[in-house]
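# What the coordinates show
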Amino acid sequence: MSKSFNLSSDIKRKAKELGFSSCGISHAEELTEEARYLESWLNQDRHGKMNYMLNHFDKRIDPTKLVDGARSVISLSFNYYTEQKQSDPDAPKIAMYALGQDYHTVVRDRLEKLLEYIRSEAGDVNGRCFVDSAPVLEKAWAQRSGVGWIGKNTNLLTKRQGSYFFLAEIIVDIDLEYDSPVKDYCGSCTQCIDACPTQAIYEPYKLDASKCISYFTIELKDQMLPDDYKGKFDNWMYGCDICQQVCPINSQARPHHVQEFEPLSDVLDMKKAEWEALTEDSFKKLFKHSAVKRTKYSGLKRNIEFLRGK
């Protein structure tokens, strides 16, 4: 049995101990096919006003531009699924992933521990951890490593846990045992495409981010949201879970076991009228440790007003 096989198995065991749901490993190489698609997607302005997507194209497609001598990409998933919901059915909605603490911090802490473990086992390893914080095509790497497949809604899906999970990567300069992609189980299902109220999923496996509710409510920094989309947000004020909620694969989702991702009761219990009267001080207290702070008070207030038809 090879040394790389033993280390790869040990890494996966340690990842499970740290709370990761899945761990797969792929060879670090240039993503040529994905590069062609990304270039076409950008040229069609499918990224909307997310101008940062135009930056660092070479780093997005080549991990050796992020880590010198990169040989392996370790892809990990971290479950955030919860059965708890906002209590007022009329209240503006927040995507499930943002109901607890900011995932960037929670997942990164565990990633750093995993990298420390790798170094303790393999010696002087050059590596970096990534949690939605650098130009990494995380879904492409997760698919290559067998963590799951990219579904028709362009989310990463797995047969065992659905799609309610965060993705993260560790890129290292050592050879490991590489995994193979898994089968695509979407079949003839089109529920995610049919359910999207803004037609952001314009073809199977293709997303126009500039039409996505998550883009409008988080990424778009304009003072006003486009009138053309009034009445089409299904009451989402931060993010959107529609294409995940209707996906049959998510019938297999199971609740996470991480205290930091437990939804904040103050957020779950807020009534529609309380959201509409939200002050900046209340926003700062509610979302001090939440990903929702990314949209800032002005952005969330804009979204709430938009849902009210104002």
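Source: prediction; values computed, not measured. (Residues numbered from 1 in each chain as written. Predicted model: local features only at pLDDT ≥ 70, side-chain atom pairs only at ≥ 80, totals over all residues. Heavy atoms only, no water.)

## Re the pairing of strand S1 (residues 22-27)
Judged by how many residues are buried, S1 sits mostly within the fold: five of six residues are covered. Across six bridges, the pairing between S1 and strand S2 (residues 72-79) is antiparallel. When the sheet's bridge partners are listed, Ser 26 is paired in S2 with Val 73. (Buried < 20%, exposed > 50% of the residue type's maximum accessible area, 1.4 Å probe, protein only. Helix = DSSP H or I, 4+ residues; strand = E, 2+ residues; numbered from the N terminus. Pairing = 2+ DSSP bridges.)

## Observations concerning the nonpolar core
Proteins that are soluble and globular tend to have nonpolar side chains buried together. With 55 residues, the main nonpolar core has Ile 74, Ile 94, Tyr 97, Val 107, Tyr 238, Trp 275 and Leu 300 as its most contacted residues. Setting aside its immediate chain neighbours within four residues, Trp 275 contacts Gln 86, Ala 91, Pro 92, Ile 94, Met 237, Val 267, Met 270, Leu 286, Phe 287, Leu 300, Lys 301 and Ile 304. Formed by 23 residues, the second largest nonpolar core is a distinct cluster that contains Cys 196, Phe 216, Trp 236 and Cys 240. (Core = buried A, V, L, I, M, F, W, Y, C linked by side-chain atoms within 4.5 Å. Contact = heavy atoms within 4.5 Å.)

## Focus: unusual backbone geometry
The phi dihedral of His 56 falls on the positive side, at around 55°, and the residue is not glycine. Here His 56 is to be found in the loop between helix H2 (32-43) and helix H3 (57-61). Its relative accessible area of 45% is what places His 56 among the partly exposed residues. Phi angles above zero are rare outside glycine, and Lys 296 is one such case at about 65°. Among the residues examined, Lys 296 registers a relative accessible area of 56% and is labelled exposed.

## Description of the environment of Arg 144
Tracing the chain through its elements places Arg 144 in helix H5 (residues 138-144). We classify Arg 144 as partly exposed; its relative accessible area is 23%. Once the C-alpha coordinates of Arg 144 and Ser 180 are considered, the two residues, 36 residues apart in sequence, prove to be 6.4 Å apart. Arg 144 has contacts with Ser 26, Glu 29, Leu 31, Glu 34, Asp 179, Ser 180 and Pro 181, leaving out every residue within four places of it along the chain.

## Concerning the packing of aromatic side chains
Each pair of aromatic rings is reported with the distance of its centres and the angle of its planes. Throughout the structure, instances matching the rule amount to 19 aromatic pairs. Ring geometry for Tyr 81 versus Tyr 164: centroids 5.1 Å apart, planes at 45°, classification tilted. Of this pair, Tyr 81 sits in the loop between S2 and strand S3 (93-94) while Tyr 164 is found in the loop between strand S6 (156-157) and strand S7 (165-172), placing the two residues 83 residues apart along the sequence. Above the ring of Tyr 185, the side-chain terminus of Lys 159 is found at 4.3 Å from the ring centroid. The positively charged end of Lys 232 is found above the aromatic ring belonging to Tyr 229, 5.7 Å away from the centroid. (Phe/Tyr/Trp six-rings, centres within 6.5 Å; stacked < 30°, edge-to-face > 60°. Lys NZ or Arg CZ within 6 Å of the ring centre and 35° of its normal.)

## Brief notes about helix H4 (residues 103-122)
With 20 residues, H4 extends 28 Å from end C-alpha to end C-alpha; this agrees with the ideal 28 Å at 1.5 Å per step. Among the residues of H4, those classed as buried are Tyr 103, Val 106, Val 107, Arg 110, Leu 111, Leu 114, Leu 115, Tyr 117 and Ile 118. Seen along its axis, H4 keeps its buried residues to an arc of 165°; they face one direction. H4 presents Glu 116 and Ser 120 as exposed residues on the side facing more than 90 degrees away from its buried surface. In the stretch just after H4, Gly 123 is the one whose phi turns positive, near 90°. (Expected span 1.5 Å × (residues − 1). Arc of directions from axis to C-beta.)

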